[in-house]
Structure formats: structure tokens, C-alpha cells
Amino acid sequence: VCFIPGGLDCSISFVSHVLGKVCVHGWQKEILGVLVPRLTELTKSDCIWQRICWQLVECVPDRWMEAVVLGFVQRAPGADVLSRLLGNLVVKNKKAQFVVAQKMLLLQYGHTTAVLQNLLGYLALDSVRRTLLLRVLQELLETWSSSSAVKHSPAEQQLYISKAILICLSHLKESEIASCRQELLTSMMEGVKCHLESSLPQLRRLGMVVAESISLSINTEGPVLKFEYEEDDETRELKSLLVQTPSFCVVPSLPDDDRSEKAGAALPLVPESNEKSYTAAPLMPDEESDAELDSDDDLIPYDMSEDKELKIKAPMYIRDCIEVLTGSRSEDVDKWEATVKALESLVRRNPAATREVSVELAKILLHLEEKTCIEGFVELRQRAQVAVLTTDPIPVAKYLTSQFYSLNYSLRQRMDILDVLVLAAQELSCPKFHGKTKHSGVQKPCIQLLPGSDSSKGWRRIVDERIKSKTRRFDTGQSHVELASRPNEFNSVAGYFFFPLIQHFDRPLTTFDLLGEDHLVLGRLVHTLAVLMYLAVNTVAVTAMGKALLEFVWALRFHTDSYVRQGLLSCISSLLLSVPAERILADMTEELLETQSWLGDVMEKDPDGDCRRLALQNLLLMENLKKKLEAVPS
């Protein structure tokens, strides 16, 4: 930085042009890495240098303004430093205002949390710029509460916008919150609704955290929203953003652990009213005397050291189990619990007796509700359903698949049907895992389809293992022991599991619309079809299943829900891995070429990162398939 002696006036527009041109040509990091620390030191106590710095950035031409402003925001060690360096540039320059208030917040989402804190803290530090902060918050809330934005923007951008909203809320004063309380409430109600409708657990959790934070800001003394969700590092970081970082702290250099510790230490200071509501009121003298009269301290406890728990004997026959499960007598609760716990093993030990009443038993289990607080009830019921289905596959599969599209079923029951079909198909296709066998060195590919879990992870792990098995590697590792081979029992029944599920997906019912608001169940259905397709490898019906599945995928390929699109792409993976290459070439050539073009578009344009990754994986599988067919002599 040059010094001009003698108090002479000078213009620094040439320096501004040089700075803008250097930054826009890719040397932003190098020049600002030296310039920003020097200007930070000079402007700390010298108002003349502050004015020089303001002139320096204000004279940068608009075509280069974005690169300069972005560099200053990223490299300033704090919001107060950024305020000294830029002044009221965002108020004076429309280009800088667009970059700071719109582009960096609504059109980009790759900046770090420290950059967001710098940017929004800079807007909050001056009364002239605070009006811009309120406008930014309003636009962020409009985007956050838009159902179209939630459906079509990636989860990373939703997280970025959520962080920006919480940082804005931390800077608002009580008077500003009071002036826009109704707008905040309206945006909160609309935003939490569209987030809770999402199929992705991360987006649902984001909606809950942001709604809780808005509710806490607008209702400092009254009741606030409270959701039940599992806290992780992401939610803890979001909640810590409600606590302002002191402006004198060097934000970018603060380690994540220290930042979370400091935020956690400051959190208890915020909800002061909540602490008061949980403290018990002191007892009055009359209440103390009543408490003494009601005290049980003088009663002598019974000696129960020799008492033994009565063991209820579980039924020995399948029909007795049906009678217990369908009975309504309240005194049979203990026997009902024993029946639920013993049913799976009883079904597997008595296959002949089970086949006589298999459909009736499947119906009872599908409608069975928990009478008592029995540990692991959902898993016990599911295992019993799987045992019945694997014991008598055809009639039970016909019943379950017909009930999936029937009236008067809840969404939970329909998803239970899909879970049972997948787990039973897996067991039938891998008979070596029947019952309670000893775990061998080979890991069983499990599919997590229980409530609250992401069912896409299970099939994805299976597909990845299948791809690895088809990859040739030359090494001298430990030899693997050959497991005893057995017939694939899923071979003869695969069609009964698959085709009824794929037939009526486009027929809406009074209480069930897969192509409408019930897209969560549609996503589970698509993932289920992908798993069934994968498990049908080397079966007789695999080619017909592949053709039907390809038509199904083609009809839904432009679905707005990312979870559904992930399932559709997994269907393509399962098809390419399960259907023989010769049959694909003979029966699905045209469809596969169209699918390849669609996969290319998904890989380039889809907003969801998992969808892009799956599309790339499918294109690689197609390329390997093409090479394999070219290598075969004609």
C-alpha cells in the first residue's frame, strides 16, 4: 500500500480497476490474501484509511464487482472487520447488493457457515443495512416455505438456507420481531408443512428445527413448538446458530469443536422463561401438612425376595394361537404376549399346520395391534409375518399384494406389507439364512425397512456388493470357503410377489393416491420393486419382470420427489444386474437406448446428488454391458 505525502488529493480508481481485473482472472486468493489483512490492520484505528478502503471497492466496475465482494466476504476475519472494509457498499451499489443479498444466499449454497455469519453479521451491524437484513430474511423464508423449492432443490441448499434463516433470527431485535411476527408465523406454518411432507428424513428434521427456532423467537414467554426427533451434529450446529457469535471473534479460524462448545455453553442463557416454567413452586404451610399426612414412609414394605415370576405357557398349536390373538378377553393379556413372542418359531416348526390357515393367520397379523407395552412388538409381528409368507408363499403373497391396493388400510399397514414382501423374498432367495442359523464369515446382506429408517440404504448396499462381485481383481488374499448351494425357492414364486404390485399404481382410491399426496408410499413401493428385481436373478420370470419394470420406470421418470427418483434409478441398476445381457439386447434394445439418454440428463441436471451418482453408476453398468456383448464372438 502506497503512502502519498504532502496531503495531496488522488484518485484510486485505477487501483480499483486493477484489483477487479486481477480478482476476476483467478488471482483473487493471492491478492486479497495479502491486501485484506493489511487493510484490516490499517482501518482498525484510522478513519482515513476506512474511507480509502470504501473508495477502493466502490470504484470497482460492476462487471468485476462480484469477484471482489466475494473475496472480501470470504477472507474477512469477522463481521465487524467486513463492515470496516466495505462500509455501506451494499446500499450504494446495486451490483454489490445483488451479490450479497441474493446471489450468495439464494442462488449459491457452497459457502461455509463462517462466511454466512460474516455476511449476515455485516448487514446487521449498521442501521442503514438492517432494512436489507429484514428483506433478506423475508426472501429466505419465502424460499424455505415454498413446496416447489423443497421438492426441486437439493438437500444441501435446504440446509444452507436453514442456516441463513437461523443466523438472521439471531440478529433481530425484539422490536423488529414484533413488527414482522405475523409474517414469521405464516412462513413457519407453511414451511413446516411442506418439509414434513418430504420423503427425506433430513428435510423433515430441518423443517422441525427451523420451525422450533422461529417459534422460540416469536413466543419468548408463551408456549413454543416442540418436535420429537433424533439430534445429531447437524441439528446441534443449527441450534447453536441462534446464539450470536461476538463480533470481535475471528470466526473463520474458530475450530468446529470450540464453536460448538461455546455455543452449547451459551445456550442455557437463552430460554430463560422455559427454565422458570419447569421450576416447582415452593410448598405452602397447608400443603406441607397435607404432604406429611399423605406420606408412605411409615408403611412397612412386604418381603418379596422369594417371589417368583409366573411363566405363562405359550400355545402349542397354530389354531390355539389364532384363538388367543383374536380373543378380546382382558385377562388373557399375559397369554397374548407369550403367543406373540412364540408365534414365529411355532410357524417354522409346523409348516403343514401353518399352510392350512396361512391366509387367515396373515390377515390376523396384518391387523394385529399392540395390546400391551411389549418390547419389540413391531419386530416380533414382522418376523411372524415373514415366517408365514415363506412357509406358504403363493396364497399369502396373493393376499398381501391384493390388500396393498385395497380400501381402509393405513399408510403404515401398506408399508408393512412391502417390508414383509421384501424380507420374505430375501429369505426365499437365500435359503442358507433360514431361521436361526449360525453367522458365518460371509456377511448377510440385510435390508433396513423398519419404521424411521431409510429403506434405500439396504438395497443400495446389496447392489454395490453385486457390482463388486462382477469386478475382476487379481490378488492373493485368503481363500473363501464354498458354502453349500441350495435351490432358489424364490424362483417359482417371484411373479406372485412382483406383478400384482406393479399393476394398479396409477389407480387412485378414496384414501390412497400413489401419484398424488402419498408419494412416500410410492417411494417405498419403487424401492421394493428394485429389491425384488435384484433377488429374481436367474429366475424364469426375470426377463418379463425386467420389461414390466422398465415400462414402470419410464412412466414415472419425471417424478418431482427425489426419493422416488432414487428408487427408479435403483430399479434400472437391479434390471441391468439381474436380466441376462442377451435378453436385454434381444428384447429391450430401443427402451434401453432411450433410458441411456434419460440417465445422461439426470446425471447432468438432477438437483439431488444421490440421483446423479446413481445415474452415473447405471451408465457405467451399461458401458460394461456393451463391452461384454462386443467381446462375445458372433
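I will try to describe carefully the structure that is included in this document. Computed from a prediction, not measured in an experiment: that's the story for all the values here. (Residues numbered from 1 in each chain as written. Predicted model: local features only at pLDDT ≥ 70, side-chain atom pairs only at ≥ 80, totals over all residues. Heavy atoms only, no water.)

1. Focus on empty space enclosed by the protein
Vacant regions in the atomic arrangement are exposed by a probe of water-molecule size rolled over the atoms. For the structure on display, the rule yields 3 cavities of 30 Å³ or more. By volume, the largest cavity is sized at about 50 Å³. As for the largest cavity, its lining consists of Val-150, Lys-151, Ser-153, Pro-154, Ala-155, Leu-200, Leu-203, Ser-562, Arg-565, Pro-607 and Asp-608. Broken down by secondary-structure element, the contributors of at least two residues to the lining of the largest cavity are α9 (147–152) and α29 (562–578). (1 Å grid on protein atoms, 1.4 Å probe; cavity = no way out; pocket = protein on both sides within 12 Å on 5 of 7 lines; lining within 4 Å. Points joined across faces, edges and corners; volume = space filled by probe spheres on them. Helix = DSSP H or I, 4+ residues; strand = E, 2+ residues; numbered from the N terminus.)

2. A short note on a nonpolar patch on the surface
Side chains of Phe-14, Val-15 and Val-18 sit close together on the surface and give an oily, nonpolar patch of about 290 Å² of accessible area. Mapped onto the elements, Val-15 comes out in helix α1 (residues 13–42). Overall, Val-15 belongs to the partly exposed group, its relative accessible area being 45%. (Patch = residues over 30% accessible without salt bridge, like charges linked within 9 Å, V, L, I, M, F, W, Y side chains within 5 Å. Areas by Shrake-Rupley, 256 points an atom, 1.4 Å probe, with all protein chains shown as cover. Salt bridge = Lys/Arg side-chain N within 4 Å of Asp/Glu carboxyl O. Buried < 20%, exposed > 50% of the residue type's maximum accessible area, 1.4 Å probe, protein only.)

3. Some remarks on the packing of α1 against helix α4 (residues 79–86)
Viewed as axis vectors pointing N to C, α1 and α4 meet at an angle of 90°, and their least axial separation amounts to 10 Å. Taken as axis vectors, α1 and α4 run roughly perpendicular relative to one another. Contact residues: Val-36, Leu-39 and Thr-40 in α1; Val-81, Arg-84 and Leu-85 in α4. Partitioning the contact of α1 with α4 into residue classes produces 4 nonpolar, 1 polar and 1 charged. (Axes fitted to C-alpha atoms, helices over the stretch in contact; angles between N-to-C directions. Parallel < 35°, antiparallel > 145°, perpendicular 65-115°, else oblique. Contact = heavy atoms within 4.5 Å. Nonpolar A, V, L, I, M, F, W, Y, C, P; charged D, E, K, R; others polar.)

4. Looking at the packing of aromatic side chains
For any pair of aromatic rings, geometry is given as the distance between the ring centres together with the angle between the planes. A complete count under the given rule lists 6 aromatic pairs for this structure. A ring pair is formed by Trp-336 and Phe-377, whose centres lie 5.9 Å apart and whose planes are at 25°; its orientation type is stacked. One end of the pair, Trp-336, is in helix α19 (residues 333–349); the other, Phe-377, is in helix α22 (residues 377–391), and 41 residues separate them in sequence. The pair formed by Trp-336 and Phe-377 is uniform in burial state, with each residue classed as buried. On the numbers, 5.4 Å between centres and 90° between planes, the contact of Phe-498 with Phe-499 is edge-to-face. Take Phe-498: its relative accessible area is 0%, and that puts it in the buried class. Look at Phe-499 and you get partly exposed, because its relative accessible area is 25%. By the ring-pair criterion, three or more aromatic residues cluster together here, those being Phe-404, Tyr-405 and Phe-512. Taking NZ or CZ as reference, Arg-63 lies 4.3 Å from the ring centre of Trp-64, over its face. (Phe/Tyr/Trp six-rings, centres within 6.5 Å; stacked < 30°, edge-to-face > 60°. Lys NZ or Arg CZ within 6 Å of the ring centre and 35° of its normal.)

Just distances and angles here, no functional claims.
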